[in-house]
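So the chains spell out like this:
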Amino acid sequence: MSKTQVSRFKSSVDQERRHFYSEEIQPEVFLLLGNPVQLTPDEAAAMDEYQTEDETAFVVEEVSKIIKESVEAAIGGNAYQHSRVNQWTTSVVEQCLSQLSKLGKPFKYIVTCIIMQKNGAGLQTASACFWDNTTDGSCAVRWENKSMYCIVNVFGLSI
Amino acid sequence: MEEYSSGDEAVFSADDATISVKECIEGVIGGTDYNQSKVNQWTATIVEHSLTHLVKQGRPFKYIVNCTIMQKSGAGLHTANSCYWDTATDGSCTVRWENRTIYCVVSVFAVAVTL
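Residues numbered from 1 in each chain as written. Chains lettered and ligands numbered in written order. Predicted model: local features only at pLDDT ≥ 70, side-chain atom pairs only at ≥ 80, totals over all residues. Heavy atoms only, no water.

Describe the overall build of chain B, naming the residues involved and giving the relevant values.
When helices and strands are tallied, chain B shows two helices and four strands. Within chain B, residue pairs in contact and separated by at least 24 positions form 72% of the contacts whose partners lie at least 6 positions apart. Split by element, the accessible area of chain B, about 5000 Å² in all, is 46% carbon and sulfur. (Helix = DSSP H or I, 4+ residues; strand = E, 2+ residues; numbered from the N terminus. Contact = heavy atoms within 4.5 Å. Areas by Shrake-Rupley, 256 points an atom, 1.4 Å probe, with all protein chains shown as cover.)

Spelled out as structure tokens, the structure:
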């Protein structure tokens, strides 16, 4: 039932420029996740009733933990390597997905993973979601080491 | 959820989505160069406009639109996604766009709603 799509970007810049490092470019990763879940006080009160229904709710902490473990396991102590990135992104998403489906909750999941080499470039990602605010949720985890950034997004849509 | 038009097939059309997303991207960052102060605004606008167009089609789907903008500076970027859903009714499409200074990747995921 799971489908994996991999999209790869090859830099069209020639070999010499790969070593170009501009002092002006800030090595920051900006993230904006369009978060559609804005709770009014009424909704927040209603949400309290659902806290005991962990079986059918999207629990962000739990999902976040799963993602962190999957990322550590897949790329933990490695430095960015062009030849292996393909394999890493695939294994991060597949591992996350299999851990999530093991939770046995009535959800459909979408997991996306971005791995970027630390090179001074700027990266911005954003998401917007059209779903049911009361039952669906998302979780984003940013991870980094000395040579790369990894951003994983999980969206859970209730059935 | 609002009423959906009856008689619509509940199968995601990736081609239609690709076309409308491409138009969206062109409209927002068409002739521009990478600008750190504006990127935030660009990604937000692209996802919101794409989502609005998709929702206007009035089909029984939940949507997730994801947009990534990266400056061209020789860095390597890799993205992957994996989905656990009903392959008969759900679908996704990814649009890659670039110009001299920007790479833009937009992914749309559509999950059928059982009414």
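An account of the pairing of strand β2 (residues 77–84) of chain B is requested, with residue identities and associated values reported.
With seven of eight residues buried, β2(B) is to be regarded as a mostly interior element. Sheet topology places strand β3 (residues 107–117) of chain A next to β2(B); eight bridges connect them, and they run antiparallel. Looking at β2(B), one finds that Ile115(A) is bridged to His78(B). (Buried < 20%, exposed > 50% of the residue type's maximum accessible area, 1.4 Å probe, protein only. Pairing = 2+ DSSP bridges.)

Which residues make up the packing of aromatic side chains, and what values do they have?
Applying the stated rule across the entire model yields seven aromatic pairs over all chains. Arranged with centres 5.9 Å apart and planes meeting at 65°, the rings of Phe58(A) and Phe107(A) form a pair that is edge-to-face. Highlighted residues: Phe58(A) in the loop between α1 (41–50) and α2 (60–75) and Phe107(A) in strand β3, separated in sequence by 49 residues. With a centroid separation of 6.3 Å and an interplanar angle of 35°, the aromatic rings of Phe130(A) and Tyr63(B) are classed as tilted. One end of the pair, Phe130(A), is in strand β4 (residues 123–130); the other, Tyr63(B), is in strand β1 (residues 61–71), on a second chain. Cluster of aromatic residues (ring-pair linked, three or more members): Phe58(A), Phe107(A), Tyr109(A) and Tyr84(B). Sitting over the ring of Tyr149(A), Lys118(A) keeps its end group 4.9 Å from the ring centre. The ring of Tyr103(B) carries Lys72(B) above its face, with NZ or CZ at 4.9 Å from the centroid. (Phe/Tyr/Trp six-rings, centres within 6.5 Å; stacked < 30°, edge-to-face > 60°. Lys NZ or Arg CZ within 6 Å of the ring centre and 35° of its normal.)

I'd like a rundown of the pattern of salt bridges, residues and numbers included.
Counted according to the given criterion, the structure contains six salt bridges over all chains. The salt bridge partner of Asp90(B) is Lys108(A), with a shortest N-O separation of 2.9 Å. On the criterion of chain membership, the pair formed by Asp90(B) in the loop between β2 and β3 (91–98) and Lys108(A) in strand β3 is interchain, its members lying in two chains. Judged by relative accessible area, which is 14%, Lys108(A) ranks as buried. (Salt bridge = Lys/Arg side-chain N within 4 Å of Asp/Glu carboxyl O.)

So, the side chain of Ser64(A): which residues are in play, and what are the values?
With respect to the secondary-structure elements, Ser64(A) resides in helix α2. Ser64(A) sits in the buried class, given a relative accessible area of 14%.

Requested: an account of helix α1 (residues 14–29) of chain B, with residues and values cited.
Residue and element names in this part refer to chain B. The terminal C-alpha atoms of α1, which comprises 16 residues, lie 22 Å apart, in line with the 22 Å expected from a rise of 1.5 Å per residue. Within α1, the full set of buried residues consists of Ala-17, Thr-18, Ser-20, Val-21, Cys-24, Ile-25, Val-28 and Ile-29. The secondary structure elements touched by the buried residues of α1 are α2 (36–56), β1, β3 and β4 (102–112). (Expected span 1.5 Å × (residues − 1).)

So, the pairing of β4(B): which residues are in play, and what are the values?
All names here are of chain B. Counting buried positions over the eleven residues of β4 gives eleven, a clear majority of the element. Residue alternation in β4 divides its side chains into two sets, Ile-102, Cys-104, Val-106, Val-108, Ala-110 and Ala-112 and Tyr-103, Val-105, Ser-107, Phe-109 and Val-111, and both sets are buried. The sheet contact formed by β1 and β4 spans eleven bridges and is antiparallel. Opposite Val-65, over in β4, you have Val-108 as the bridge partner. When β3 meets β4, the two strands line up antiparallel, connected through eight bridges.

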